[in-house]
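Each chain, letter by letter, is given below.
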Amino acid sequence: FRYTNGLQKSNNKVFTVFLRDIIEPLESLGVKVTPTKRKSLDDVGDAMVVAKKLVEDTIPTGAPSEIISAKSKTDVLGRRYDIIEFRYQWFFDEETAKQVRRDRFQLHQKALIQIDKKKQYLLLISIEENRWNIKSDQMCEAIDTWKLL
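Predicted model, so just to flag it, every value in this text is computed and none were measured.

## Digging into the pairing of strand 3 (residues 28-35)
In step 1: With four bridges connecting them, strand 2 (residues 17-21) and strand 3 associate as antiparallel partners. For R20, the partnering residue across the bridge sits in strand 3 and is S28.
In step 2: Between the antiparallel neighbours strand 2 and strand 3 lie six residues.
In step 3: As defined by bridge partners, strand 3 adjoins strand 7 (residues 119-128) across eight bridges and the pair is classed as antiparallel. For V31, the partnering residue across the bridge sits in strand 7 and is L123.

## Considerations on the nonpolar core
In step 1: Membership of the largest hydrophobic core comes to 22 residues, with the highest contact counts inside it found for L54, I59, F86, Y88, F105, L122 and L124.
In step 2: Broken down by secondary-structure element, the contributors of at least two residues to this core are helix 1 (47-58), strand 5 (80-91), strand 6 (104-116) and strand 7.
In step 3: In this structure F105 touches L26, Y88, Q89, W90, F91, F92 and E128, once residues within four positions along its chain are discounted.

## Quick notes on the pattern of salt bridges
In step 1: By the definition in use, this model includes twelve salt bridges.
In step 2: Of the charged contacts, one joins K135 and E27 as a salt bridge, the two residues approaching to 4.0 Å between their closest N and O atoms. Remark: E27 occurs in the loop between strand 2 and strand 3 and K135 occurs in helix 3 (residues 132-139); sequence separation between them is 108 residues.
In step 3: A salt bridge links K53 to D57; its shortest N-O distance comes to 3.4 Å.

## A closer look at helix 1
What sets the pattern is the α-helix's 3.6 residues per turn: residues three or four places apart point alike.
In step 1: For helix 1, which comprises twelve residues, the first-to-last C-alpha distance of 16 Å matches the rise-based estimate of 16 Å (1.5 Å per residue) to within 8%.
In step 2: Among all positions in helix 1, only A47, V50, A51, L54 and V55 are buried. For helix 1, the buried positions fall inside an angular range of 130° around the axis, keeping them on one side. What points out from helix 1, more than 90 degrees from its buried face, is the exposed set K52, E56 and D57.
In step 3: The residue sitting at the N-terminus of helix 1 and contributing the capping side-chain oxygen is D46; that oxygen lies 3.1 Å from the backbone nitrogen of M48.

## Quick look at helix 3
In step 1: Within helix 3, burial applies to W132, K135, S136 and M139. Angular distribution of buried residues about the axis of helix 3 spans 120°; they occupy a single face of the element. Opposite the packed face of helix 3, turned more than 90 degrees from it, sit the exposed residues N133, I134 and D137.
In step 2: Among the structural elements, strand 1 (7-9), strand 3, strand 5, strand 6, strand 7 and helix 4 (141-144) are those in contact with the buried residues of helix 3.

## Overview of the pairing of strand 2
In step 1: Strand direction decides the pairing type here: strand 1 and strand 2, joined by three bridges, are antiparallel. In the sheet register, L7 faces strand 2, and the bridge partner there is D21.

## A few points about the packing of aromatic side chains
In step 1: All chains considered together, the criterion is met by five aromatic pairs.
In step 2: Plain terms: the ring middles of W90 and F91 are 5.7 Å apart, the flat faces sit at 65° to each other, and that makes the pair edge-to-face.
In step 3: In this structure W90 comes out as partly exposed when scored by relative accessible area, which is 28%.
In step 4: Among the aromatic residues, those joined into a cluster by ring pairs are Y88, F92 and F105.

Cut-offs used in this document
Residues numbered from 1 in each chain as written. Predicted model: local features only at pLDDT ≥ 70, side-chain atom pairs only at ≥ 80, totals over all residues. Heavy atoms only, no water. Pairing = 2+ DSSP bridges. Helix = DSSP H or I, 4+ residues; strand = E, 2+ residues; numbered from the N terminus. Core = buried A, V, L, I, M, F, W, Y, C linked by side-chain atoms within 4.5 Å. Buried < 20%, exposed > 50% of the residue type's maximum accessible area, 1.4 Å probe, protein only. Contact = heavy atoms within 4.5 Å. Salt bridge = Lys/Arg side-chain N within 4 Å of Asp/Glu carboxyl O. Expected span 1.5 Å × (residues − 1). Arc of directions from axis to C-beta. Polar contact = N/O pair within 3.5 Å; in protein donor to acceptor, adjacent residues only side chain to side chain. Phe/Tyr/Trp six-rings, centres within 6.5 Å; stacked < 30°, edge-to-face > 60°.

Here it is as structure tokens:
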């Protein structure tokens, strides 16, 4: 996959690969690869079921959230992948709140999820809601160019 200039590799315990913007702390792109016994996303359900599970697994418990869209597609080899778009609100930790001079944020996220060869792949893009219209095309290039070999 390709991604926009300006993202810098960073350490993150959750993601296999994590790139973030050094100026905008909530703009990031993460790839998480995890082993799975599932053969495909069909073992989970349709795109909306996958979306609900993804939101449940990725956002803080109790955070107000909204699933914007959930679509299934297939790659050139016929493998299903889902593209999920959602948003949620949450609080900054105390140190970050002091730096940015506010205590809340609303995060807009778009994810691609795919299962192949006993591995689950999650590509997750995060952008603060008020910057989504400005940055989404650049950041979503990673989703548009995703290919499993």
